[in-house]
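Topology and contacts: notes
Spelled out, the chains give:
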Amino acid sequence: MFLIVLRLFMPVLVKNYVNSVLADIPGYYGHVDGIDIDLYRGAYVIENMTLSKVEAGSEVPFLDFEETDISIEWNALIKGRIVSEIHINKPKIIYVLEDQQDDGTEPEVEDWTKALTDLVPISINNLQITDGTVAFVQMRADPTIDLNLKNLNLNATNLRNVIQKERSLPSEVSATATSIGNGNLVLDGKMNLVKEVPDMDIAFSVTEADVKALNDFTKYYAEIDFESGTFEVFGEIAIADGYLKGSIKPIIKDSKLVGKEDGFLETLWEGFVGFFKFVLKNQKNNTLATKVPLEGDLNNLGTKTWPTVTNIFKNAWIKAYKGVVDDDINFEDAEKEADSVKQKAK
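Keep in mind that this is a model prediction, so the values were computed, not measured.

What follows concerns the overall build of the protein chain. For the protein chain, the count of helices and strands is eight helices and 13 strands. Counting all 346 residues of the protein chain, 42% fall into the buried class. Sequence-distant contacts, at least 24 apart, represent 61% of the contacts inside the protein chain between residues at least 6 apart. As displayed, the protein chain has an accessible area near 19300 Å², and 58% of this comes from carbon and sulfur atoms.

This part is about the nonpolar core. Membership of the largest hydrophobic core comes to 49 residues, with the highest contact counts inside it found for Val18, Tyr44, Ile46, Leu127 and Phe231. No other element matches the five residues that strand β9 (residues 199-210) contributes to this core. Look past the residues within four positions of Phe231 in its chain and what remains in contact with it is Ile180, Val206, Thr207, Glu208, Ala209, Asp210, Val211, Leu214, Ile251 and Ile252. Counting residues in hydrophobic clusters, the runner-up holds five residues, among them Ala238, Ala240, Phe331 and Ala334.

This paragraph deals with a negative patch on the surface. A cluster of acidic side chains, namely Asp33, Asp36, Glu47, Glu66, Glu67 and Asp131, defines a negative patch on the protein surface. For the negative patch, the secondary-structure elements that each account for two or more residues are β1 (28-38) and β3 (63-72). As for its placement among the helices and strands, Asp33 is situated in strand β1.

A surface patch of nonpolar side chains, about 300 Å² in accessible area, is lined by Phe217, Tyr220 and Tyr221. Its place among the elements puts Tyr221 in helix α5 (residues 215-222). For Tyr221, a relative accessible area of 48% puts it in the partly exposed group.

Turning next to the side chain of Gln138. Checked against the element boundaries, Gln138 lands in strand β5 (residues 123-138). For Gln138, a relative accessible area of 7% corresponds to the buried category. Beyond its immediate sequence surroundings of up to four residues, Gln138 is in contact with Leu97, Glu98, Thr144, Ile145, Tyr220 and Tyr221.

Once that is clear, we can look at helix α8 (residues 331-345). Counted at 1.5 Å a residue, the expected span for α8 with its 15 residues is 21 Å, and the 21 Å between its end C-alpha atoms agrees. Buried within α8 are the following residues: Phe331, Ala334, Glu335 and Ala338. Here the buried residues of α8 occupy an arc of 105 degrees about the axis, which is enough to place them on one side. Opposite the packed face of α8, turned more than 90 degrees from it, sit the exposed residues Lys336, Gln343 and Lys344. Contact partners of the buried residues in α8: β9, β10 (228-240) and β11 (243-256). One side-chain oxygen of the residue at the start of α8 lies 3.1 Å from the amide nitrogen of Glu332, identifying that residue as Asn330.

Attention shifts here to the pattern of salt bridges. A side chain of one charge can pair with a side chain of the opposite charge when the charged atoms of the two come close. Scanning all chains against the criterion turns up eight salt bridges. For Lys253, the salt bridge identified is with Glu232, shortest N-O distance 3.5 Å. Residue Lys253 is located in strand β11, and its partner Glu232 is located in strand β10; the two are separated by 21 residues in the primary sequence. Note on Lys253: relative accessible area 26%, which makes it partly exposed. Across the pair Asp328 and Lys291 runs a salt bridge whose closest N-O atoms are separated by 3.0 Å. Placement of Asp328 in the loop between α7 (305-317) and α8 and of Lys291 in the loop between β12 (287-289) and β13 (292-297) is noted, with a sequence separation of 37 residues between them. Overall, the relative accessible area of 14% leaves Lys291 in the buried class. One connected set of salt bridges, linked through shared partners, spans Lys249, Lys291, Asp326 and Asp328.

The subject of this paragraph is the pairing of β11. When β10 meets β11, the two strands line up antiparallel, connected through 12 bridges. Along β11, the bridge assignment pairs Val233 with Pro250. Counting the residues that bridge the hairpin from β10 to β11 gives two residues, and of these Asp241 lies at a positive phi of roughly 50 degrees. In the sheet, β11 pairs with β13 via six bridges, with the strands oriented antiparallel. Residue pairing in the sheet places Leu244 in a bridge with Gly296 of β13. Bridging between β11 and β12 involves three bridges; their strand directions are antiparallel.

So, about the packing of aromatic side chains. With the rule as written, the count across this model stands at two aromatic pairs. Relative to Tyr95, the ring of Phe62 lies with its centre 6.5 Å away and its plane at 75 degrees, an arrangement referred to as edge-to-face. Here Tyr95 lies in strand β4 (residues 83-96) and Phe62 lies in the loop between β2 (43-53) and β3, a separation of 33 residues in the sequence. Judged by its relative accessible area of 14%, Phe62 is buried. Judged by centre distance (6.1 Å) and plane angle (15 degrees), the ring pair of Tyr95 and Phe136 falls under stacked.

Rules used throughout
- Residues numbered from 1 in each chain as written.
- Predicted model: local features only at pLDDT ≥ 70, side-chain atom pairs only at ≥ 80, totals over all residues.
- Heavy atoms only, no water.
- Helix = DSSP H or I, 4+ residues; strand = E, 2+ residues; numbered from the N terminus.
- Buried < 20%, exposed > 50% of the residue type's maximum accessible area, 1.4 Å probe, protein only.
- Contact = heavy atoms within 4.5 Å.
- Areas by Shrake-Rupley, 256 points an atom, 1.4 Å probe, with all protein chains shown as cover.
- Core = buried A, V, L, I, M, F, W, Y, C linked by side-chain atoms within 4.5 Å.
- Patch = residues over 30% accessible without salt bridge, like charges linked within 9 Å, V, L, I, M, F, W, Y side chains within 5 Å.
- Salt bridge = Lys/Arg side-chain N within 4 Å of Asp/Glu carboxyl O.
- Lys, Arg positive; Asp, Glu negative; His and termini not counted.
- Charge placed at Lys NZ, Arg CZ, Asp CG, Glu CD.
- Expected span 1.5 Å × (residues − 1).
- Arc of directions from axis to C-beta.
- Polar contact = N/O pair within 3.5 Å; in protein donor to acceptor, adjacent residues only side chain to side chain.
- Pairing = 2+ DSSP bridges.
- Phe/Tyr/Trp six-rings, centres within 6.5 Å; stacked < 30°, edge-to-face > 60°.

This is how it looks when you write it as structure tokens:
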């Protein structure tokens, strides 16, 4: 009788626990609609978990997870280890710029890691994300800027639930997605996710995307739009103890700026920009590319202006960048810089 009553009330108890964990993240409020317990699998399913900014101007949740399945891995349990598997179906992560601007209530990084370890207080052997969406949205732009990834499928292994101070990259991560312009995103690397600032060594690429999908962004920030062309992005990021080294290499191919419906002044400006694009692109391969280096403390991260300009001219007059990840950044590079910063601080 007791077990029957416990089984009946268990979903309510687990739901209250999950909601209390979400409520403890400063500056945010979260909620789950329901919990489904499966004792046979040793699992519970979280239904419709959302997390929103307290002072958000929009009604768009920052996190919106339709279904999260957390289960015990029985093969590991037989061997004396308690580990879990997590499968998140159709999650949405929507970063609305206006909602996330600093209002003094931003959560500390350890608040996020504490929430993760409290929700899953055992080791995570495998994390799968199916059909996810990640988006950056700027609503006050006209038109609204929406840079997104859809059809996100991600797999991560050996996620440790204990916050560690030592440097290690125990988790392997791989992902694919569809970018704006129907481009193909591929990401691979290693991480130590449960750390105040996650350590990582990852490489990613976006290929064969329609450059017209960037028009809302380029129209707002540069007052230009594209009539045709494709864009690709290749990047590498390494982080050790909060120090980042990396690069992002955007490439635009076979692009045309001036559209038939543009007004006179708009056409004049785009023609002016197009002139410099013509001068700076690699004429043989018909590409415009640069390589933007990223380096420094994550609390004061910025791009280096002059290397960016130099790389534009390098592509134009020396050689075109290859459409591949360069593989010239690794975790050891970030470690060396992190050690150097610590030595200077002593």
